[in-house]
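The primary structure of each chain is shown beneath.
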Amino acid sequence: MTANDTSYEGFTEDERAAMKEHAKEMKASARRGAKADTEPDVLAKIAEMGDADRVLAERVHALVKENAPDLTAKLWYGMPAYARDGKVVCHFQSAAKFKSRYATLGFSDQAALDEDTLWPTSYALTTLTPATEERIAALLKQAAG
């Protein structure tokens, strides 16, 4: 298949909405200044989520606060994210965000998760068991460096 055999459909409606949210977040951040407390915005976004996503997001938020307290909560493309020096280390993506089957906990290249030549950067979340929370806590501690 060549480039001429495919047509570009552009961004989905959900992707365009996420980009618009990100633009609003950037403008709000510029108005408030880099040192502004953005955790209330993150908590408000979590509160807007449907029941299943909200329960997961609230617990992930608590796990970040407990295990990586140096990370700062902020919104990133309309998702709860946690940053170090303004750069996103990890984020929670609700299943509803892009009409996915499951929520995800994702890590950026800022996370110190490097392991050999292959490692996961995103984890599907369906429910949080004590064992799952332990694994997330360990990942957060490692990611935060």
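A short tour of the structure in this document, coming up. (Residues numbered from 1 in each chain as written. Predicted model: local features only at pLDDT ≥ 70, side-chain atom pairs only at ≥ 80, totals over all residues. Heavy atoms only, no water.)

### Brief notes about the overall build of the protein
Moving on, step 1. Along its length, the protein carries 4 helices and 5 strands.
Moving on, step 2. The linear arrangement of helices and strands in the protein, starting from the amino end, is α-α-α-β-β-β-β-β-α.
Moving on, step 3. Out of the 145 residues in the protein, the part that is buried amounts to 37%.
Moving on, step 4. Within the protein, contacts between residues at least 6 apart in sequence are counted, and of these 47% link residues at least 24 apart. (Helix = DSSP H or I, 4+ residues; strand = E, 2+ residues; numbered from the N terminus. Buried < 20%, exposed > 50% of the residue type's maximum accessible area, 1.4 Å probe, protein only. Contact = heavy atoms within 4.5 Å.)

### Some details on unusual backbone geometry
Moving on, step 1. Positive phi, close to 55°, is recorded for Tyr 77, a residue that is not glycine.
Moving on, step 2. As for its position among the elements, Tyr 77 is in the loop between strand E1 (72-76) and strand E2 (79-84).

### Here's the deal with the pattern of salt bridges
Moving on, step 1. Here the structure, examined in full by the defined rule, presents 6 salt bridges.
Moving on, step 2. Between Glu 133 and Arg 59 there is a salt bridge; the shortest N-O distance is 3.0 Å. Taken together, the positions of Glu 133 in helix H4 (residues 130-144) and Arg 59 in helix H3 (residues 51-67) put the pair 74 residues apart, joining distant regions of the chain.
Moving on, step 3. Classification of Arg 59 as partly exposed rests on a relative accessible area of 26%.
Moving on, step 4. By sharing partners, the salt bridges in this structure join Asp 51, Arg 54 and Glu 58 into a single network. (Salt bridge = Lys/Arg side-chain N within 4 Å of Asp/Glu carboxyl O.)

### Examining the layout of surface pockets
Moving on, step 1. Looking at the second largest pocket, its volume works out to about 170 Å³.
Moving on, step 2. In this structure, the second largest pocket is lined by Glu 21, Lys 45, Glu 48, Met 49, Gly 50, Asp 53, Gly 78, Met 79, Pro 80, Ser 94, Ala 96 and Lys 97.
Moving on, step 3. When its residues are assigned to classes, the lining of the second largest pocket shows 4 nonpolar, 3 polar and 5 charged. (1 Å grid on protein atoms, 1.4 Å probe; cavity = no way out; pocket = protein on both sides within 12 Å on 5 of 7 lines; lining within 4 Å. Points joined across faces, edges and corners; volume = space filled by probe spheres on them. Nonpolar A, V, L, I, M, F, W, Y, C, P; charged D, E, K, R; others polar.)

### Description of H4
Moving on, step 1. Compared with an ideal rise of 1.5 Å per residue, which puts 15 residues at 21 Å, H4 spans 21 Å between its outermost C-alpha atoms and is within 8% of the ideal.
Moving on, step 2. Listing the buried residues of H4 in full gives Glu 133, Ile 136, Ala 137, Leu 139, Leu 140 and Ala 143. Projected down its long axis, H4 carries its buried residues within an arc of 165°, all on one side. Exposed residues on H4 whose side chains face more than 90 degrees from its buried face are Pro 130, Ala 131, Glu 134 and Lys 141.
Moving on, step 3. Against the buried residues of H4 lie H3, E2, strand E3 (87-93), strand E4 (103-107) and strand E5 (122-125). (Expected span 1.5 Å × (residues − 1). Arc of directions from axis to C-beta.)

### Here's the deal with the packing of helix H2 (residues 39-48) against H3
Moving on, step 1. Here H2 crosses H3 at 155°, and the two axes come no closer than 9 Å. Judged on the interaxial angle alone, H3 and H2 are roughly antiparallel. Facing Glu 39, Val 42, Leu 43, Ile 46 and Ala 47 of H2, the residues of H3 in contact are Arg 54, Ala 57, Glu 58, His 61 and Lys 65.
Moving on, step 2. Across the contact of H2 with H3, the residue classes break down as 5 nonpolar, 1 polar and 4 charged. (Axes fitted to C-alpha atoms, helices over the stretch in contact; angles between N-to-C directions. Parallel < 35°, antiparallel > 145°, perpendicular 65-115°, else oblique.)

### Quick word on the packing of aromatic side chains
Moving on, step 1. Counted according to the given criterion, the structure contains 2 aromatic pairs.
Moving on, step 2. Taking 5.2 Å as the distance between ring centres and 85° as the angle between the ring planes, the aromatic pair formed by Trp 76 and Tyr 77 counts as edge-to-face.
Moving on, step 3. On the basis of relative accessible area, Tyr 77 is assigned to the partly exposed category, the value being 28%.
Moving on, step 4. Measuring from centroid to centroid gives 6.1 Å for Phe 107 and Tyr 123, while their planes differ by 90°, and the two rings are edge-to-face. Residue Phe 107 is located in strand E4, and its partner Tyr 123 is located in strand E5; the two are separated by 16 residues in the primary sequence. Each member of the pair Phe 107 and Tyr 123 is classed as buried. (Phe/Tyr/Trp six-rings, centres within 6.5 Å; stacked < 30°, edge-to-face > 60°.)

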